[in-house]
Amino acid sequence: MLETGTNSLTIKKKKQFITPKTVPYLFVGPALLLFIAFTVYPIIASFLLSFQTKVAGVYTFSGLANYTRLFSDPLFYKALGNTFIILLVQVPIMLFLAVLLASVLNSSLLRMKGFYRVAFFTPAVTSLVAASIIFVLLLNTDYGLINYLFTSIGLEKVHWLTDPFWAKVSLILVTTWRWTGYNMVILLAGLQNIPNSLYEAASIDGASTIKKFFYITIPQLKPVLLFTFVMSTIGSFQLFDEPYNLTNGGPNNATITITYYLYNQGFSFFNFGYASAIAYVIVLFIAVLSWIQFKVVRND
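Residues numbered from 1 in each chain as written. Predicted model: local features only at pLDDT ≥ 70, side-chain atom pairs only at ≥ 80, totals over all residues. Heavy atoms only, no water.

(A) How the structure looks around the overall build of the protein chain. Each helix and strand in the protein chain was counted, giving 14 helices and 2 strands. Scaling as 2.2 N^0.38, a compact globule of 300 residues should have a C-alpha radius of gyration of about 19 Å, whereas the protein chain reaches 27 Å, well beyond that. In terms of principal-axis extent, the alpha carbons of the protein chain reach across some 105 × 70 × 40 Å. By the burial criterion, 34% of the 300 residues in the protein chain qualify as buried. For the protein chain, long-range pairs separated by at least 24 residues make up 63% of all intrachain contacts whose partners lie at least 6 apart in sequence. Of the accessible surface of the protein chain, which amounts to about 18700 Å², a share of 71% is contributed by carbon and sulfur atoms. Taking the 19 positively charged and 10 negatively charged side chains of the protein chain as two groups, their mean positions are separated by 14 Å. (Helix = DSSP H or I, 4+ residues; strand = E, 2+ residues; numbered from the N terminus. Rg over C-alpha atoms; globule rule 2.2 N^0.38 Å. Buried < 20%, exposed > 50% of the residue type's maximum accessible area, 1.4 Å probe, protein only. Contact = heavy atoms within 4.5 Å. Areas by Shrake-Rupley, 256 points an atom, 1.4 Å probe, with all protein chains shown as cover. Lys, Arg positive; Asp, Glu negative; His and termini not counted. Charge placed at Lys NZ, Arg CZ, Asp CG, Glu CD.)

(B) Structural view of the UniProt feature "transmembrane region" (unreviewed entry) in the protein chain. Here the UniProt-annotated "transmembrane region" (unreviewed entry) positions come out as residues 22-44, 84-106, 118-139, 165-189, 221-240 and 272-292. Secondary structure over residues 118-139 splits into 86% helix and 0% strand, and the C-alpha atoms at its two ends are 25 Å apart. Secondary structure over residues 165-189 splits into 100% helix and 0% strand, and the C-alpha atoms at its two ends are 36 Å apart. (UniProt positions renumbered as here; feature names shortened; annotations may be inferred.)

(C) Broad picture of the packing of helix H4 (residues 74-105) against helix H11 (residues 222-237). The geometry of H4 relative to H11 is characterised by a closest axis approach of 9 Å and an angle of 145 degrees between their N-to-C directions. Pair H4 / H11 crosses with right-handed handedness. Packed against H4, whose contacting residues are Leu80, Thr83, Phe84, Leu87, Gln90, Val91, Met94, Leu95 and Val99, the element H11 presents Leu225, Thr228, Phe229, Ser232, Thr233, Ser236 and Phe237 at the interface. Of the residues that constitute the contact of H4 with H11, the class distribution is 10 nonpolar, 6 polar and no charged. (Axes fitted to C-alpha atoms, helices over the stretch in contact; angles between N-to-C directions. Left-handed = near helix turned anticlockwise from the far one by under 90°. Nonpolar A, V, L, I, M, F, W, Y, C, P; charged D, E, K, R; others polar.)

(D) How the structure looks around the domain arrangement of the protein chain. Domain annotation of the protein chain identifies domain 1 (28-66) and domain 2 (72-299). Relative placement of domain 1 and domain 2: their C-alpha centres are 31 Å apart. Each partner contributes residues to the interface: domain 1 has 8 residues there, and domain 2 has 7 residues. Here domain 1 meets domain 2 over a buried area of about 620 Å², counting both sides, of which 59% is carbon and sulfur. Taken together, the connections running from domain 1 to domain 2 amount to 0 salt bridges. Here domain 1 is connected to domain 2 by 4 residue pairs in polar contact (both at pLDDT 80 or more). With 4 residues, the top contributor of residues to the side of domain 1 that touches domain 2 is helix H2 (residues 23-49). Residues belonging to the side of domain 1 that touches domain 2 are distributed by class as follows: 4 nonpolar, 4 polar and no charged. (Domains from an automatic or database assignment. Buried area = accessible area lost by both parts, 1.4 Å probe. Salt bridge = Lys/Arg side-chain N within 4 Å of Asp/Glu carboxyl O. Polar contact = N/O pair within 3.5 Å; in protein donor to acceptor, adjacent residues only side chain to side chain.)

(E) Region of interest: the environment of threonine 53. Inspection of the secondary structure puts threonine 53 in strand S1 (residues 52-55). For threonine 53, a relative accessible area of 25% gives the class partly exposed. Sequence spacing of threonine 53 and phenylalanine 272 is 219 residues, and the spatial spacing of their C-alpha atoms is 8.2 Å. Not counting the four nearest positions on each side in its chain, threonine 53 is found in contact with Val58, Tyr59, Thr60, Ser62 and Asn66.

Laid out in structure tokens, this is it:
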């Protein structure tokens with residue numbers, strides 16, 4: 001009888017392993033393990049890899065050799081310069097158009113708002129490979145529709161994808177087409193949270209539509225604008241699909257971006273240590289630029 005009692009006590013102790021306090025951990029546990037395996041571990045592994053170089057097929061510790069090589073690499077500066085050009089030109093144009101479209105779609109006078117919202121947002125969810133094929137056809141120097149329209153009104157053909165300057169312009173146009181609607185939806189949500197009482201009070205004081213926009217809409221949208229600026233900055237430093245599909249980084253590396261350069265080093269030349277160093281330099285640039293944007297907005 002004593003032995004039976006001992007066994008039942010052991011069973012009770014085993015059953016007490018699952019208690020109301022441990023149940024949440026059992027649900028969170030699988031997701032946490034996946035997060036550690038596929039997010040935390042790769043981040044740590046790539047950071048350690050950035051301090052290693054391959055010698056005779058084996059990765060060995062090389063200190064800051066990859067980072068030293070990085071800051072003496074002219075192609076790295078070329079890719080970084082192209083990325084900053086796209087950031088400084090494309091992001092302001094895109095956000096200006098997004099604010100304009102969001103303001104129009106927020107108007108009570110416009111009908112079929114749902115249709116227009118879906119239409120402008122559709123490029124963000126369109127397959128970029130399919131869209132790139134269409135743009136390659138449209139921007140073809142000899143047979144493209146754009147140049148056909150230009151020549152039909154007496155203008156000269158533009159070498160959209162084969163001239164360094166126009167290749168950058170093409171990349172900016174395609175990126176703007178793709179992400180303007182995405183930011184428009186975010187800004188539209190911000191506009192709909194602005195109290196109508198502010199506009200009514202301004203109307204009573206005789207404020208014009210333009211003054212309402214600059215003195216009410218923009219200040220009230222400041223947190224949302226900051227979010228879109230930061231996200232667009234991150235997106236610019238991660239720009240890969242557009243140059244890869246449209247120009248393949250050319251001509252003469254005119255459209256190679258920092259992420260595309262990282263891809264080439266890692267998956268074309270298999271310099272994974274050097275590619276990891278590039279990745280952490282990108283992280284540093286994004287962190288610094290985001291901090292600057294936060295400081296500028298807070299000081300306004």
